[in-house]
Protein chains: 2
Amino acid sequence: MAMRDIEKIQLSIKDISRLSGVSIATLSRFFNGQSVRPSNEAKIQKILQETGYRPSIAARFIKGHNSGVIGLIVPEITHPFFALIAEGVMREARNQGKLVLLGSSEGSMEIEKQIIDRFSQSILDGLIYIPVAKAENIPALKSFRNLPLVVTARKGIIPGVPHVYHDGEGGGYLATKHLISLGRHRIAFIASFWDVPCTNTELLANHKKSFMHSFSSIERFKGYLKALEEAGIPYNPNLVVVTGYGHMHGVDAASELKGRFVDCNGVVTMTQAVANGFTAQAKRLGYRVPEDISVVLFDANESKADYTFTYIELHLIRMGQESVRTLNELIEGREAQDICLDVELRVRETSVKLPAEAPR
Amino acid sequence: MAMRDIEKIQLSIKDISRLSGVSIATLSRFFNGQSVRPSNEAKIQKILQETGYRPSIAARFIKGHNSGVIGLIVPEITHPFFALIAEGVMREARNQGKLVLLGSSEGSMEIEKQIIDRFSQSILDGLIYIPVAKAENIPALKSFRNLPLVVTARKGIIPGVPHVYHDGEGGGYLATKHLISLGRHRIAFIASFWDVPCTNTELLANHKKSFMHSFSSIERFKGYLKALEEAGIPYNPNLVVVTGYGHMHGVDAASELKGRFVDCNGVVTMTQAVANGFTAQAKRLGYRVPEDISVVLFDANESKADYTFTYIELHLIRMGQESVRTLNELIEGREAQDICLDVELRVRETSVKLPAEAPR
DNA sequence: TTGTATGCGTTATCAT
DNA sequence: ATGATAACGCATACAA
């Protein structure tokens, strides 16, 4: 602090006024885009070149203006899913000349609450909020009553606030229907959660409850059910595994299904990591992929592996961009609505037509 | 903006003064940790509970105080390498009650310059800077003359500024020596750059030039040379490939080496992606991994694949944390020095002793 | 179009 | 320990 005070050569609008001979009021108007006398503009520009002066954001924020800073809260910046959203957010923010204050809740609701608290005393114009999971921190958001807010990557969390999310049900439907169209009728669904909310046998009963649609797995599960029903395939809870997001969870899911003797010939997973784990383990258990078991997953990009997976493409960067645009509507006093982004099926190497003679 | 002005119920210290009957001066002291009369403290606490009031960061920043906000500029938040550093930065920042303003230069020096420019008019206490590559934007940093600055993940970029980086030379040495100890003497080195600075035949001549040590590949290359020399193995430029950071670059590197007929039996790559590409292609070309060719790479984590790679472990989260600590020294007016983080060899499945009878 | 004067929320100074 | 007041850098109503 001592150092800072000493070295702080930060010049003020007064300094520029003195150097250029133009009044601070005229300077202020100039910086805010109002027209000034050409002769004055010349003087100003000259001094600006020499000094590299920039108006202080803090000072203008005090005056009730926008700071040009928006907040972004993610559960984990390390996870590609959120990193891509963040990338989109920053890209669009840059387009609009805004800065991004980033907070990572590290998967913990406690930390998330802490961040929200800290953000609230900051200089934010608005906040893009990706709740860690169950969104139990909504009460803490009361500090934000007066602040523009957009919820991203989750659906229906906070009433009256715009949400930006994917068409999870559509994705689940596309993935399942694709597998069915390949002649596969025993399709496993591996649902991933940060905090597992219920067992696989409870999933059907619970999936319509109001709080559940904040989970992307649930939305996709609805699409899964819809595709099954459309094809006249009865729902079998033994084909559903409720687990987490990691590689090992995929491994375990494969073993679990094997132990249940349900003999699936198709599987839908929520992430690349789970698909990798599942596939590796399935092979170890003697299944061929994709002949015996075809795999479809949800992801933003084609991931590199020994072979490429068939996947439901998520537009995460666009999600970030749309979030910023939506937030801007709010910041500028306009109305804003939910945005539901489309998903697309990308058929690659892990899904093929069921061979006529499939012994298992 | 209109909306904001209308809804802004942001109360000030004056409001609290009025509500609590305590003067604003006393309030200010209270918020800054000075002691106040117990009866007053009680009144203040009561109102604080009711209102949830927080002092405005912007206002105190104007008064020459620290904002508690530090800046972080990364080339690409999507890349796990930088995401991990960012995670470390945010973790340590949170520990210290600081906020992080994040800028992604998207791999472009143009954008990087833009961000630096924008950051300079912000309310930062300091900046953690990961230059996009060649650091030609240093001139633009003159806006930061007076601002605490730390350069991360690069070495020797800006004189007089603390750098936090890995012991790249040590890593290259460890990786190479490990392969040598397995009886492998024809070790390929696949150097990765964002902008390729020279060809493989020029690498030896150039690696000592001053500007080159900002590239991590170069530092690791030095370690590679050192290990070779120590073992009395002559340097062969045909075993070196200069390329990029992607999966396809690894694929191409394998083909390139094959085309040069150098018959390597060990390889060092800079990233997991390159190693993946290299390995996949090497197998297609008829080599066995790890028997014919053993692979060592640089990475922060054990990556999941069909098998796990032997790797030089990078401590990226710690790198972020150390950067914040170093920056803090500067912010608080103390001296700070470079920090060189150790690396470690983790032997996994992709490196084995050279079989006695290796026909190739 | 320009300049003067006042206010924004906070801290620091100085009496009390 | 407390309270009145000046100051921070900027924006704006108002008078010129």
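Residues numbered from 1 in each chain as written. Chains lettered and ligands numbered in written order. Predicted model: local features only at pLDDT ≥ 70, side-chain atom pairs only at ≥ 80, totals over all residues.

Caption draft 1: The arrangement of the protein's contact with DNA strand D in detail. Neighbouring residues of DNA strand D: 25 residues in total, closest A:Ile13, B:Ser23, B:Ala25, B:Val36 and B:Arg37. Among the secondary structure elements, those contributing two or more residues to the surface near DNA strand D are helix 3 (24-31) and helix 5 (57-62) of chain A together with helix 3 (24-31) of chain B. With four residues, the top contributor of residues to the surface near DNA strand D is helix 3 of chain A. The residue makeup of the surface near DNA strand D, split by class, is eleven nonpolar, nine polar and five charged. (Near = placed C-beta within 6 Å. Helix = DSSP H or I, 4+ residues; strand = E, 2+ residues; numbered from the N terminus. Nonpolar A, V, L, I, M, F, W, Y, C, P; charged D, E, K, R; others polar.)

Caption draft 2: A look at the confidence of the model for chain A. Within chain A, residue pLDDT values average 89, and 91% of them lie at 70 or more. Low pLDDT (under 50) marks residues 1-8 of chain A, which in the prediction has ten contacts with non-local residues, meaning those over four places away or in another chain. (pLDDT = per-residue confidence, 0-100. Contact = placed C-beta atoms within 7 Å.)

Caption draft 3: Region of the structure containing the sheet that holds strand 10 (residues 310-313) of chain B. All names here are of chain B. Strand order in the open sheet formed by six strands is 7-6-8-9-10-12, and the pairing between neighbours is mixed. Where the open sheet ends on each side, the last strands, each with one partner, are strand 7 (240-243) and strand 12 (344-346). Strand-to-strand twist in this sheet, taken as the mean axis angle between neighbours without regard to direction, amounts to 20°. Strands in contact with helix 8 (residues 168-181) are strand 6 (187-192), strand 8 (266-269), strand 9 (294-299), strand 10 and strand 12; relative to strand 9, the strand with the most contacts, it is inclined by about 165°. (Pairing = 2+ DSSP bridges. Axes fitted to C-alpha atoms, helices over the stretch in contact; angles between N-to-C directions.)

Caption draft 4: The arrangement of the pairing of strand 7 (residues 240-243) of chain A in detail. Residues and elements named next belong to chain A. Of the two faces of strand 7, the one holding Val-240 and Val-242 and the one holding Val-241 and Thr-243 are both buried throughout. Where strand 6 (residues 187-192) meets strand 7, four bridges bridge the pair, whose relative direction is parallel. Looking at strand 7, one finds that Ile-190 is bridged to Val-241. (Buried ≥ 20, exposed ≤ 12 C-beta atoms within 10 Å, placed from the backbone.)

Caption draft 5: Broad picture of the protein's contact with DNA strand C. Of all residues adjacent to DNA strand C, which total 26 residues, the nearest are A:Ser23, A:Val36, A:Arg37, B:Ile13 and B:Ala59. Contributions of two or more residues to the surface near DNA strand C are made by helix 3 of chain A together with helix 2 (13-20), helix 3 and helix 5 (57-62) of chain B. Examining the composition of the surface near DNA strand C, we find that four residues originate from one element, helix 3 of chain B, more than from any other. For the surface near DNA strand C, a count of residues per class yields twelve nonpolar, nine polar and five charged.

Caption draft 6: Geometry of unusual backbone geometry. Between A:Val289 and the following residue, A:Pro290, the backbone shows a cis peptide bond with an omega angle of 15°. If you trace the backbone, A:Pro290 turns up in the loop between helix 12 (272-284) and strand 9 (294-299). Despite not being glycine, A:Phe261 has its phi angle at roughly 55°, a positive value. Assignment of secondary structure puts A:Phe261 in the loop between helix 11 (247-260) and strand 8 (266-269). Residue classification places A:Phe261 among the exposed positions, given that 7 C-beta atoms sit within 10 Å. Positive phi is not limited to glycine here, since B:Asp263 has a value of about 50°. Relative to the elements of secondary structure, B:Asp263 occurs in the loop between helix 11 (247-260) and strand 8. Judged by C-beta crowding, with 15 C-beta atoms within 10 Å, B:Asp263 ranks as partly exposed.

Caption draft 7: The sheet that holds strand 6 of chain A, seen in detail. Residues and elements named next belong to chain A. Taken in spatial order, the six strands of this open sheet run 7-6-8-9-10-12, and their pairing is mixed. Because the sheet does not close on itself, it has two edges, and the strands there are strand 7 and strand 12 (344-346). With direction set aside, neighbouring strand axes in the sheet form an average angle of 20°. The pairing of strand 6 with strand 8 spans four bridges and is parallel. Paired with Ile-190 across the two strands is Thr-269, which belongs to strand 8. Relative to strand 6, helix 10 (residues 216-231) is tilted by about 165°, and along the sheet it contacts strand 6 and strand 8.

Caption draft 8: Helix 8 of chain B, seen in detail. Residues and elements named next belong to chain B. Taking 1.5 Å per residue, 14 residues should reach 20 Å; helix 8 reaches 20 Å between its end C-alpha atoms and fits that length. Counting buried positions along helix 8 gives eleven out of 14 residues, so the element sits mostly inside the fold. Within helix 8 the residues assigned to the buried category are Gly-168, Glu-169, Gly-170, Gly-171, Gly-172, Tyr-173, Leu-174, Ala-175, Thr-176, His-178 and Leu-179. Gly-183, located one to two residues past helix 8, shows a positive phi value of around 90°. (Expected span 1.5 Å × (residues − 1).)

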